[in-house]
Amino acid sequence: MKLPNGYGSVVKLSGKRRRPWMVRKTTGYHIDTEKGKKINEYLIIGYTATKAEGLQMLAEFNNNPYDTNAAKMTFAEVYEAWSKKKYESVSDSSIKSYSASYNACTKLYDLVFKDIKLVHLQETIDSCGKNYPTLKKIKVLFNQLYAFALQNDICNKDYSTYVDIAQYKDRNPNKHSNDKFTNEEIAKIWTMKDNKYYQIILMLIYNGVRISEFLNLKKEHVHLDEQYFDVIGSKTDNGLRKVPIPDKLLSYYKDWYESCPECKYLLHTEDGKHFKYRNYFDSYWKPLVEPFDIKRTPHSTRHTLVSLLKEAEVLDTTIKKIVGHAGAMSLTEKVYTHLDMNILIAAVNKVMPTDI
């Protein structure tokens, strides 16, 4: 079938190729002065595996022409171009959120953005293992990137609107019951309270901070006399908070504080170096919990404190203040969250075992 003049063409290239059909349009010509011939100049739209796919690509291009150079951009390149403009006008917390969402999309990085289909986006969602609130943020990132791509002729269809995250609505980080230390497991850890590395686990269980927040805690942000420490680096602005230290664990904090005068971090390795998460998890956490057949991660301690505080009937507002869940607060709670540190200390004291 002969295509209309100026419509473009689909031609097969020689040799064995995965996509042998070239889709092109004539954009002009020049004269080869040596041969005295007119040489056509082409815009290469793309390459396809079959002629039918080539004709479809040509039809889509003619229906909605796009910048073919931009259409070669990968997912990573589109994110880079989008973020340069976007990050100039958003808060640091928004940048952290977008960056975290992008980090969950490694499977997409090297794919040509125009060639990404719904199946690629959905597979990223299905396989990343994130909770529902995080999946919502990843989908928002998809929406933003596709809006940018459409505006800049990088693609001509938005697949992000069809991504399904509703099926993961029950994957909620606030449901702690399935991933917390049992009372029996906590009791086992208490039997080792004289070991300074088991003390770290106890400190985590009763402070509810993220493991990264605790490993990165500097001494300058630990206030032993006032019995609390500051979290100044968190995943969200809501996570920036003052964390109470229970009476029975205060000596553990003091011992770690004084154990290495030249260290700037509260916790440290035997040779006084800053703990990296992988080093801590592999060389300390796992060897400590495995003998007790405890199959928990450091993040389980955060869930555990929330559960203990709820069981002790501590007010939700106080719990959210301690663990940094301010984003989940109602408007009324946000107004009345200037809680006295004594109230927070009393709350964590309430969940400490009485026979220790």
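Scroll up to find the structure.
Regarding its fold elements, the chain presents 14 helices and six strands. Here the chain, with 356 residues, has 43% of them falling under the buried criterion. Across the chain, contacts joining residues at least 24 apart in sequence account for 60% of those joining residues at least 6 apart. Of the roughly 19800 Å² that the chain leaves accessible, carbon and sulfur atoms contribute 50%.

Let us now look at the pattern of salt bridges. Taken as a whole and judged by the stated rule, the model has eleven salt bridges. Among the ionic pairs, E213 bridges to R241, the shortest N-O distance being 3.1 Å. One end of the pair, E213, is in helix 8 (residues 211–215); the other, R241, is in strand 6 (residues 241–244), and 28 residues separate them in sequence. Side by side, E213 and R241 carry an identical accessibility label, which is buried. The partner of D271 in a salt bridge is K273, with the nearest N and O atoms 3.9 Å apart. We classify D271 as exposed; its relative accessible area is 53%. K273 gets classed as exposed once you look at its relative accessible area, which sits at 54%.

Counting residues in hydrophobic clusters, the biggest one holds 56 residues, and the most contacted among them are I201, Y206, F214, F229 and Y280. Top element by residues in this core is helix 7 (residues 196–207). It accounts for nine residues. Residues in contact with F229, not counting those within four places in the same chain, are N207, V209, F214, L217, H221, V222, H223, R241, K242, V243, I245 and Y253. If you look at the next biggest cluster of nonpolar residues, it comprises 30 residues, including W82, I116, L141 and Y146.

A few words on the sheet that holds strand 1 (residues 9–12). What the three strands build is an open sheet, ordered 1-2-3; its pairing is antiparallel. The strands lining the two open edges of the sheet, one partner per strand, are strand 1 and strand 3 (37–48). Neighbouring strand axes in the sheet, compared pairwise and without regard to direction, differ in orientation by 50° on average. Of the strand pairs in this sheet, strand 2 (residues 21–32) and strand 3 are connected by eleven bridges, and their pairing is antiparallel. Across the sheet, residue M22 finds its bridge partner in strand 3, namely Y47. Most of the contacts of helix 1 (residues 51–63) go to strand 3, to which it runs at about 100°, and overall it touches strand 1, strand 2 and strand 3.

Turning to the packing of helix 2 (residues 75–86) against helix 5 (residues 132–151), a few remarks are in order. Helix-helix packing: each pair is described by the crossing angle between the helix axes and the interaxial distance. Contact geometry of helix 2 with helix 5 gives a least axis separation of 10 Å together with a crossing angle of 90°. It follows from the interaxial angle that helix 2 and helix 5 lie roughly perpendicular. Seen from helix 2, the contacting residues are F75, V78, Y79, A81, W82, K85 and K86; seen from helix 5, they are L141, F142, Q144, L145 and F148. Partitioned by chemical class, the residues of the contact of helix 2 with helix 5 number nine nonpolar, one polar and two charged.

The next subject is the state of the cysteines. Here a disulfide denotes a covalent bond joining the sulfur atom of one cysteine to the sulfur atom of another. Summed over all chains, the structure comprises one disulfide. The disulfide partner of C260 is C263, and the gap between their sulfur atoms is 2.3 Å. Residues C260 and C263 share a disulfide whose torsion about the S-S bond is about 60°; that sign makes it right-handed. Its sulfur unpaired, C105 is 7.8 Å from the next cysteine sulfur, which belongs to C128.

Evaluated as defined, the whole model comprises one cavity of 30 Å³ or more. Estimated volume of the largest cavity: approximately 30 Å³. In terms of lining residues, the largest cavity is bounded by K180, F181, T182, N183, T304, S307, L308 and E311. Looking at which element gives the most residues to the lining of the largest cavity, the answer is helix 11 (residues 299–311), with four residues. Classifying every residue of the lining of the largest cavity gives two nonpolar, four polar and two charged.

This part takes up the sheet that holds strand 6. If you walk across this open sheet you meet the three strands as 4-5-6, and the pairing is antiparallel. Two strands close off the open sheet at either side, each with one partner strand: strand 4 (222–223) and strand 6. Two strands pair when backbone bridges link them, and strand 4 and strand 5 (residues 228–231) are joined in this way by two bridges, in the antiparallel orientation. Bridge pairing in strand 5 links V222 to F229.

Next up on the list: the environment of W256. Position of W256 among the secondary structure elements: in helix 9 (residues 250–259). With residues near it in sequence (within four places) discarded, W256 still touches K196, Y197, Q199, I200, M203, L266, L267 and H268.

Helix length check: helix 5 (20 residues) gives 29 Å between terminal C-alpha atoms against 28 Å at 1.5 Å per residue, within 8%. Residues of helix 5 that are buried: Y132, L135, I138, K139, L141, F142, L145, Y146, F148 and A149. Taken together, the buried residues of helix 5 touch helix 2, helix 3 (92–103) and helix 4 (118–127). Two residues or fewer past helix 5, D153 is found with a positive phi of approximately 55°.

Calculation notes
- Residues numbered from 1 in each chain as written.
- Predicted model: local features only at pLDDT ≥ 70, side-chain atom pairs only at ≥ 80, totals over all residues.
- Heavy atoms only, no water.
- Helix = DSSP H or I, 4+ residues; strand = E, 2+ residues; numbered from the N terminus.
- Buried < 20%, exposed > 50% of the residue type's maximum accessible area, 1.4 Å probe, protein only.
- Contact = heavy atoms within 4.5 Å.
- Areas by Shrake-Rupley, 256 points an atom, 1.4 Å probe, with all protein chains shown as cover.
- Salt bridge = Lys/Arg side-chain N within 4 Å of Asp/Glu carboxyl O.
- Core = buried A, V, L, I, M, F, W, Y, C linked by side-chain atoms within 4.5 Å.
- Pairing = 2+ DSSP bridges.
- Axes fitted to C-alpha atoms, helices over the stretch in contact; angles between N-to-C directions.
- Parallel < 35°, antiparallel > 145°, perpendicular 65-115°, else oblique.
- Nonpolar A, V, L, I, M, F, W, Y, C, P; charged D, E, K, R; others polar.
- Disulfide = S-S within 2.5 Å.
- 1 Å grid on protein atoms, 1.4 Å probe; cavity = no way out; pocket = protein on both sides within 12 Å on 5 of 7 lines; lining within 4 Å.
- Points joined across faces, edges and corners; volume = space filled by probe spheres on them.
- Expected span 1.5 Å × (residues − 1).

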